[in-house]
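# Structural features, examined
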Amino acid sequence: TLASLWLKSSDIEEMKEKGVVQDLIVVSVLRVNVDYIKETLAKALFNLLITKDTRELMVNQGIMSSLIRLTKQVQTSEVISLCVTALQNLTCEEKLASTYADTLMEMNAIHVLVVQTVTPMAHIEVKKMCGSALSNLSRLPTTHHYFVKEPNLCHALIKISSIRHSEEWVEKCAEVIWNLTAHTDNHQALLDQNVVQCIGHIIENGNAACRVLGVCSLANLSTNPAGYQQVSEDGMFILVATMKHTFMPIETKMNALRAVCNLVVEYPESRKTAVEEDLVPSLGMMMKSLMGAGGDGNEEDLMIVAKIMREISFYSDGHVTIQDSKGGNILLRLSKLENAEIKADVATAILNLSTCRFVTQLIEDGVIEAIYWLTLQDLLGLTKTVYERCVAIVRNLTANPKAIGRVVLESKIMMVLGKMIEYPSPLIKYHACVSLYNISCYPDSQELFVRSSPGIIHYLVALAEESDDANGLLMRSICSAALHQYPQDLLKNDPKVTNILMVLLSMDTSILDDCEVTVTDSDMATKLKKGWEVVMTSCEYAGTEVVQSWLNIVVERLLTFIPGKVEGETLKAVEVGSSDGPKLQSGSRPAGEYNKMMIEHVKQTPKDFAMPVPGAEITMEAKIELFKKENDVGADEEDDLVLSHDYHIPGSHFMGEHVAADDFSEGGEHLPVSPATTKLPPVNAPLPPAEGNLFGAEHRSSVALLTSMGSQANIGNSPKISMRSSFTTKIQGSMPLIPDSAKGISGTSETSIPGQKQIARRESMRQNFKAAQMKKAVKLENDYKDMLLLKSNNLY
C-alpha cells in the first residue's frame, strides 16, 4: 500500500513514532528474499522520500542507505533506477552541503554511482542520472577525498560521455574533472587514472563548454610536475587546437597558452611535441587575437608568447619547422614592443634560430630589422643581455656561407653593427669585429660597404685602436686580416690603415679560426632567467542545474482487488458444538460474541474440493469426462448423420438416386455423403511415382486398366487387395471425367466405348472417394469443435 499512496507529513511522522519505518526497512533488507517483493518494498521506501517536510527525517532513519543496500541484493533495473533517482534528487537539494553531504558520504554514495555507471549493460538514463549526481557532489570540496579514492572514476566519466546526442550530460563529466583539478591535492590520484585521456574524450564528444572546462583542467594539471609528461603527450594537441579555434573565448585561449608555457618552460621534452603539433601557427593566430586591429595588445599576455618562442627555439631539430611556420614574423612583431623582458626573450629565440645552417627564411622574415628594434632604446638592466645576443646573431649569420649573400643586402646591417661597436663591452665589440671580418671576406659587397657612410673601413680602424689589452690585440689582428681582403684602390692612403695592415706580419693565423665558430646562448656572459611562474588558473562557468524529479511510484497489480461489504449480525456465544451454530440458552452465561454474515452461500461438498485448481494441469481422465459432457453427438451418431444424407454427383448417371450396396469397394458399406455437409475444398489425391512403369504416363489414363484391377480385387477381404483398390480409387478420383463422346483412350479406332457395367463401376469408385473425403471433413470439423471446447475451459 505504501508503494501506491501519497503520504502526508503527519502520516509519515506517525509511522516513524510507531516504528513502522524501521520495520519496513528491516523487512525490505533482511526478512524478504523474493526479488519482486523487494522491488515493491523499494518503491515504498522511495515514496517515503517524496514529502519535502519529512525528507531529512527519512534519510536519517536510513531510507536512502536501505535503497543502496537493495541495489546490491537485487540486481534489477527497477531497484537501481529508484536508488540512483533518489541520489540524484538529494544532490539537487539546496541544503546539500549542510544536511545531506556527510550522510551520503557515509553511505559511500559516490562509489555506488560509479559502480552503477561502469556496470555492463547499464541503462542510458541511469548513466545520465549518475553523471548529474557526481557533478553536484563534486562542487563540494569536502567530497573530493572520496572522489579520488574511486579507481574507476575516469572510466565512469568516459562511459557517460560516450552517450550519443547527450552533450548536456557530457558537460557534467567535464565539470566533475574541472572541480577536482582545481585542488592540487587531487592531481596525483587523477593522473594515475589517465585523466588527460578522459579529458580528451570528453572534449571530443562534448560542446564548447566542455572544451572550456577541459582546457582549464589541463592548465591546472600542467602546474604539477607529475603531470608534465601526460599533459604533454596526450593534451598538447587539445591546447594547440584551442588556440586556433576562432569562436573560443579569449579566456579559454589564454588558459591554453599558459598551459603550453608551463610545459615548454618546465618540461623540455614537451618542446618537440609542441613544434610537431604546429604550435607556431597557433601562436601567430593568438598574436592576431591579442593585438587586434593595429593595437599593441596586453604586454603581459604577449609576454607568454615570447616565453614560448624562446623555449621552443632551444629544440634544435625544430628550427627549420619554426622558420617555415613564420616564426620570424612573430618574433619581429614582438621585437617592436617596449617591454624589456619581451625583447630579451625575442633576442634569445633569434639567437637559437641563427645557429641553424638554413636561415634564409629567417632573414627574409626580417631578422635584421628585428635586431634594429631590439637595440633601438635603452632596456635598463637588460640592455647588455639583449646587445650580447643581437651581436651574436649577426656574427652567426655572417659566418654562414649560405646566408652571407642575403645578409649583406640588408640596409640596416651597418647601422646595427655601429651600435654594437659603440656599446662599452669588450665581448660585444669582439663579436662585432668578427662580423665585420666575415662581411669583408664576401667580395661582392666590399665596394658597397666601403662607400657607405660611415663605411666599413671606419669601423675596422676604430676597433683596431680600441685598447692595448689582450682583447684589443686580438681585435687588432682580426681587423688587419679584414683590411687585407679589400683591393688597394678601395683603401685610402691613411697611416692608420697602413699600421693596421702591418700587424698581419706578426699575427697568429689561428686567431682567424675562431671567426668561423657559431655562438650559442650558453656562450653568453649574462644568463637570462626563466622569468615564468607556474600558477593555477580558473575560468567562468555557469553550470546547468538539474531539476528534482520526485514522482510517486505506483505498483501495478496483476489482479484488481475490489473489497466488498457484507452485512452481519452480532450474536452472543455460550456453547460450541451444535450443528446449527452457537445459541444463547435461557439462563446461560454468555462466553463471548461472534459475527454471522447475513448472506446465503452454497454448501461445499467433497466433490467440489476434488475439482482442479484454476491454472493447474488437468488429468487425462478429466479431459475425457469433460469432452463427453460437452459433446452432444457421439462418434456413432455422427456416422449415422453422415449416412442419412443423399449423395449425388452432378453430371453422372446416378443423379438423385441411391447407389447400390454392392457397388461400393469397402465390403459393400453404404456411405452416401452430401457435399453440403462441409465447406472444405475438394482434395485431389497425389499421383504415385512412375517407378517400374506400374502407373506411368501411358497407363495413368487407361480406364480399362484401373477398372480391371478393381474388378479382379475382392475388395474388403484381403488387406493387400483392399489397399490396392483404395489406392486405385484415389488415382481414379483425381482424374478428370471422360465424356461418352470421347474416342478411345489409346487414340486408336479399335478402342470401343466402355459398357454400362464399366461405367457403373467407375462411378462407384468416384462415390467411394467422395464419401471418404466428406468423412474426413466431418472429422476435422469435430476436432475443431473439441479444441474450442477445451480452450473455453482453459484446458487446451
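Coordinates for the structure precede this section.
The notes below deal with the structure included here. (Residues numbered from 1 in each chain as written. Predicted model: local features only at pLDDT ≥ 70, side-chain atom pairs only at ≥ 80, totals over all residues. Heavy atoms only, no water.)

## Quick notes on the overall build of the chain
For the chain, the count of helices and strands is 40 helices and 2 strands. Across the 796 residues of the chain, 47% fall into the buried class. Taking all contacts inside the chain whose residues are at least 6 apart in sequence as the whole, residues at least 24 apart take part in 74%. Element-wise, carbon and sulfur atoms account for 53% of the exposed surface of the chain, whose accessible area totals about 42,600 Å². (Helix = DSSP H or I, 4+ residues; strand = E, 2+ residues; numbered from the N terminus. Buried < 20%, exposed > 50% of the residue type's maximum accessible area, 1.4 Å probe, protein only. Contact = heavy atoms within 4.5 Å. Areas by Shrake-Rupley, 256 points an atom, 1.4 Å probe, with all protein chains shown as cover.)

## Considerations on the state of the cysteines
This structure, assessed with the given rule, holds 0 disulfides. Free of any disulfide, C515 has its nearest neighbouring cysteine sulfur in C433, separated by 7.4 Å. Among the residues examined, C515 registers a relative accessible area of 0% and is labelled buried. (Disulfide = S-S within 2.5 Å.)

## Some thoughts on the packing of helix α29 (residues 426-440) against helix α32 (residues 470-483)
α32 packs onto α29 with a crossing angle of 10 degrees between their chain directions and a minimal axis gap of 9 Å. As judged from the angle between their axes, α29 and α32 are roughly parallel. Note on packing geometry: the crossing formed by α29 with α32 is left-handed. Between α29 and α32, the residues in contact are P426, K429, Y430, C433, V434, Y437 and S440 and N471, L474, M475, I478, C479, A481 and A482, respectively. Each residue belonging to the contact of α29 with α32 can be placed in one class, and the counts come to 11 nonpolar, 2 polar and 1 charged. (Axes fitted to C-alpha atoms, helices over the stretch in contact; angles between N-to-C directions. Parallel < 35°, antiparallel > 145°, perpendicular 65-115°, else oblique. Left-handed = near helix turned anticlockwise from the far one by under 90°. Nonpolar A, V, L, I, M, F, W, Y, C, P; charged D, E, K, R; others polar.)

## Things to note about the side chain of E171
Structurally, E171 is set in helix α12 (residues 167-181). For the buried residue E171, which engages in no salt bridge, the nearest side chain bearing the opposite charge is K172, 6.6 Å off. Within the structure, E171 has its side chain in polar contact with the side chain of N207 (distance 3.2 Å). Apart from residues no more than four positions distant in its own chain, E171 is found in contact with N207, A209, C210, L213 and Y541. (Lys, Arg positive; Asp, Glu negative; His and termini not counted. Salt bridge = Lys/Arg side-chain N within 4 Å of Asp/Glu carboxyl O. Polar contact = N/O pair within 3.5 Å; in protein donor to acceptor, adjacent residues only side chain to side chain.)

## Topic: unusual backbone geometry
Among all residues except glycine, the phi angle is most often negative; among peptide bonds, the trans geometry is most common. Here the residue pair S453 and P454 is connected by a cis peptide bond, since its omega of -10 degrees sits within 30 degrees of zero. Here P454 shows up in the loop between α30 (446-451) and α31 (456-464). With a phi angle near 60 degrees, N108 is a residue other than glycine that sits in the positive phi range. Relative to the elements of secondary structure, N108 occurs in the loop between α7 (96-106) and α8 (109-118). Here the phi dihedral of L380 falls at roughly 55 degrees; this positive angle occurs in a residue that is not glycine. Inspection of the secondary structure puts L380 in the loop between α25 (367-374) and α26 (383-399). For L380, a relative accessible area of 70% translates into the label exposed.

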